[in-house]
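Observations on the three-dimensional arrangement
Listed below, chain by chain, are the residues.
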Amino acid sequence: MKIAVVILNWNGEKLLEQFLPSIVKNSPEADIYIADNASTDDSISYTKAFFPSVKIIKNDSNLGFAGGYNEALKSVDAEIFALVNSDIEVTENWLKPIIETFENEPNTAIIQPKILDYKRKQYFEYAGAAGGFIDKYGYPYCRGRIFDTLEKDNGQYDDNSEIFWASGACFFIRSFVFNELKGFDAGFFAHQEEIDLCWRAFNKEHQIKYNSQSIVYHVGGATLQQGNPKKTFLNFRNSLLMLTKNLPKNQLLPVIFTRILLDGIAGMQFLFQGKFKHLFAVIKAHFAFYFLFSKHYEKRDTFQSEKYFNIKNIVYSYFIKKNHKILKQL
């Protein structure tokens, strides 16, 4: 199958110096692209000088993760898009099990590899771990990671199983499915756009898989740090927008109302912790959501599956019942 590894870049020269060599070395099956979001550093000149085989796609401005990939992938001819963060180290033969799955499973549309922590290679990494799920109120979590609890990789998720969402850090998708879904929602800019895309794929009965035989290592937070208030704003806003687009109609208002209350509790926690910028980010996210609600309601597909979550309330399970691992009964 024709596969294209596409690395989104914005002023990431140092990351390309560190991680592009492993991708070029270990991806003989693929064409490799840099999708550049109007960088102002020497990312492009570095790539051209040291990796002339890597193809360059230049976007006119910084369109974020969602818009950046939407624009760049218009210029990529491949059956499979492999969307890879610039802070990912890949391993030998990482593409082979992915290609084999796509070839043998025509109903599988999206795949995520095992994502381990580049800094602690025996542990799962926050953004994806061993495959993502979502609870009734739109809180995402992963096998191997619930909130800030990260599991050590002891082979407990060495399987090839169906999941609900795949991490945007290393995201494989059939090109025709990406085009059928009209790509990522560019209005999200960054954060949770991959979950929204997977949810829309799920509603169209496409399968999303995790493949443990393909292993990558992710730094995480290289573009936008975990403690950045902008990250808080995007996560809270985009989660509510995603619920608006994808929840079954009979659950839409009750779930969003409950989620707004839970967000308020999170905001109070930021207040008590003295994290005032994050509190204001939550408030700003809610006002942005109210302003954008009708626009995103119009984006709803004709069908929304009611079987979209794995457990009813991950917040209650994690904080009250103290279940910190997916392997425990939730």
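Residues numbered from 1 in each chain as written. Predicted model: local features only at pLDDT ≥ 70, side-chain atom pairs only at ≥ 80, totals over all residues. Heavy atoms only, no water.

This brings us to the overall build of the protein chain. Counting secondary structure elements, the protein chain contains ten helices and 13 strands. The principal-axis extent of the C-alpha atoms belonging to the protein chain is close to 50 × 40 × 40 Å. Each of the 330 residues in the protein chain was classed as buried or not, and the buried ones make up 55%. For the protein chain, long-range pairs separated by at least 24 residues make up 77% of all intrachain contacts whose partners lie at least 6 apart in sequence. (Helix = DSSP H or I, 4+ residues; strand = E, 2+ residues; numbered from the N terminus. Buried < 20%, exposed > 50% of the residue type's maximum accessible area, 1.4 Å probe, protein only. Contact = heavy atoms within 4.5 Å.)

This next bit is on the nonpolar core. In globular proteins that are soluble, nonpolar side chains generally tend to be buried together. Among the nonpolar cores identified, the biggest contains 72 residues, and Val6, Val76 and Ile110 are the most heavily contacted of them. Dropping the residues within four chain positions of it, valine 6 is found in contact with Tyr33, Ala35, Tyr69, Leu73, Val76, Ala82, Leu83 and Val84. Counting residues in hydrophobic clusters, the runner-up holds 29 residues, among them Phe51, Ile80, Val84 and Ala169. (Core = buried A, V, L, I, M, F, W, Y, C linked by side-chain atoms within 4.5 Å.)

Another aspect to go through is the pattern of salt bridges. Oppositely charged side chains are able to pair whenever their charged atoms sit close together. A complete count under the given rule lists twelve salt bridges for this structure. Taking the shortest distance from any N to any O, the salt bridge between aspartate 159 and arginine 143 comes out at 2.8 Å. Placement of the pair is aspartate 159 in the loop between strand E10 (149-150) and strand E11 (160-162) and arginine 143 in the loop between strand E8 (140-142) and strand E9 (145-146), with a sequence separation of 16 residues. With a closest N to O distance of 3.0 Å, lysine 245 and aspartate 196 form a salt bridge. Taken as a pair, lysine 245 in helix H7 (residues 229-246) and aspartate 196 in helix H6 (residues 193-203) lie far apart in primary sequence, 49 residues in all. Taken individually, lysine 245 and aspartate 196 each receive the classification buried, so the pair is uniform in this respect. (Salt bridge = Lys/Arg side-chain N within 4 Å of Asp/Glu carboxyl O.)

Attention now moves to a nonpolar patch on the surface. Residues Met268, Leu271, Phe272, Phe276, Phe280, Ile283, Phe287 and Tyr290 make up a contiguous nonpolar surface patch of about 870 Å² in total accessible area. Looking at the nonpolar patch, the elements that each hand over two or more residues are helix H8 (249-272) and helix H9 (276-297). Here tyrosine 290 is to be found in helix H9. A relative accessible area of 43% places tyrosine 290 in the partly exposed class. (Patch = residues over 30% accessible without salt bridge, like charges linked within 9 Å, V, L, I, M, F, W, Y side chains within 5 Å. Areas by Shrake-Rupley, 256 points an atom, 1.4 Å probe, with all protein chains shown as cover.)

Now for the environment of phenylalanine 184. Within the secondary structure, phenylalanine 184 sits in the loop between helix H5 (175-180) and H6. For phenylalanine 184 and glutamate 89, which are 95 residues apart along the polypeptide, the C-alpha to C-alpha distance reads 24 Å. The residues contacting phenylalanine 184, other than those within four sequence positions of it, are Phe65, Ala66, Tyr69, Asn70, Leu83, Phe178, Glu193, Glu194, Leu197 and Arg200.

Let us look at helix H1 (residues 13-26). Helix length check: H1, at 14 residues, gives a terminal C-alpha distance of 20 Å against a target of 20 Å (1.5 Å per residue), a fit within 8%. At phenylalanine 19, H1 shows its strongest bend, of approximately 45°, with the proline proline 21 following within four residues. Along H1, the residues classified as buried are Leu15, Leu16, Phe19, Leu20, Ser22, Ile23 and Asn26. Looking at the buried residues of H1, the elements they touch are strand E1 (3-9), strand E2 (30-36), helix H2 (43-50), strand E4 (80-84) and strand E5 (88-90). (Expected span 1.5 Å × (residues − 1). Bend = angle between axes of the 7 residues up to and from the residue.)

The topology assignment puts serine 175 in helix H5. Among the residues examined, serine 175 registers a relative accessible area of 12% and is labelled buried.

The next thing to look at is the pairing of strand E3 (residues 55-58). Of the pairings in the sheet, the one linking E2 to E3 comprises four bridges and is parallel in character. Across the sheet, isoleucine 34 pairs through a bridge with isoleucine 56, a residue of E3. Handedness of the crossover joining E2 and E3 through H2: right-handed. (Pairing = 2+ DSSP bridges. Right-handed = clockwise from strand over helix to strand, strands pointing away.)

This next bit is on the packing of H1 against H2. In the contact formed by H1 and H2, the axes pass within 8 Å of each other and the chain directions differ by 30°. Classed by the angle they form, the pair H1 and H2 counts as roughly parallel. For the crossing formed where H1 meets H2, the hand is right-handed. Residues Glu13, Leu16, Glu17 and Leu20 of H1 touch H2, and the partners they reach there are Ser43, Tyr46 and Thr47. Looking at side-chain class alone, the contact of H1 with H2 contains three nonpolar, two polar and two charged residues. (Axes fitted to C-alpha atoms, helices over the stretch in contact; angles between N-to-C directions. Parallel < 35°, antiparallel > 145°, perpendicular 65-115°, else oblique. Left-handed = near helix turned anticlockwise from the far one by under 90°. Nonpolar A, V, L, I, M, F, W, Y, C, P; charged D, E, K, R; others polar.)

Along the chain, the position of asparagine 59 falls in the loop between E3 and helix H3 (64-72). In terms of polar contacts, asparagine 59 uses its side chain to reach the side chain of asparagine 37, at 3.0 Å. Setting aside anything within four residues of it in sequence, one finds asparagine 59 in contact with Asp36, Asn37, Ala38, Gly68, Glu71 and Ala72. (Polar contact = N/O pair within 3.5 Å; in protein donor to acceptor, adjacent residues only side chain to side chain.)

What follows deals with the packing of H6 against H7. At a minimum axis distance of 10 Å, the contact between H6 and H7 shows a crossing angle of 10°. Judged by the angle between their axes, H6 and H7 are roughly parallel. Of the residues in H7, those in contact with Ile195, Asp196, Trp199, Arg200 and Asn203 of H6 are Met242, Leu243, Lys245 and Asn246. Considering only residue class, the contact of H6 with H7 consists of four nonpolar, two polar and three charged.

A separate point is the packing of aromatic side chains. Two aromatic rings are characterised by how far apart their centres lie and by the angle between their planes. Summed over the entire model, instances satisfying the criterion amount to 21 aromatic pairs. Where phenylalanine 124 meets tyrosine 157, the ring centres are 5.6 Å apart and the plane angle is 65°; that geometry is what we call edge-to-face. Taken as a pair, phenylalanine 124 in the loop between strand E6 (108-117) and strand E7 (132-134) and tyrosine 157 in the loop between E10 and E11 lie far apart in primary sequence, 33 residues in all. Across the pair, exposure class does not vary: phenylalanine 124 and tyrosine 157 are buried alike. Here the basic side chain of lysine 121 rests over the ring of tyrosine 217, its NZ or CZ set 4.6 Å away from the ring centre. (Phe/Tyr/Trp six-rings, centres within 6.5 Å; stacked < 30°, edge-to-face > 60°. Lys NZ or Arg CZ within 6 Å of the ring centre and 35° of its normal.)

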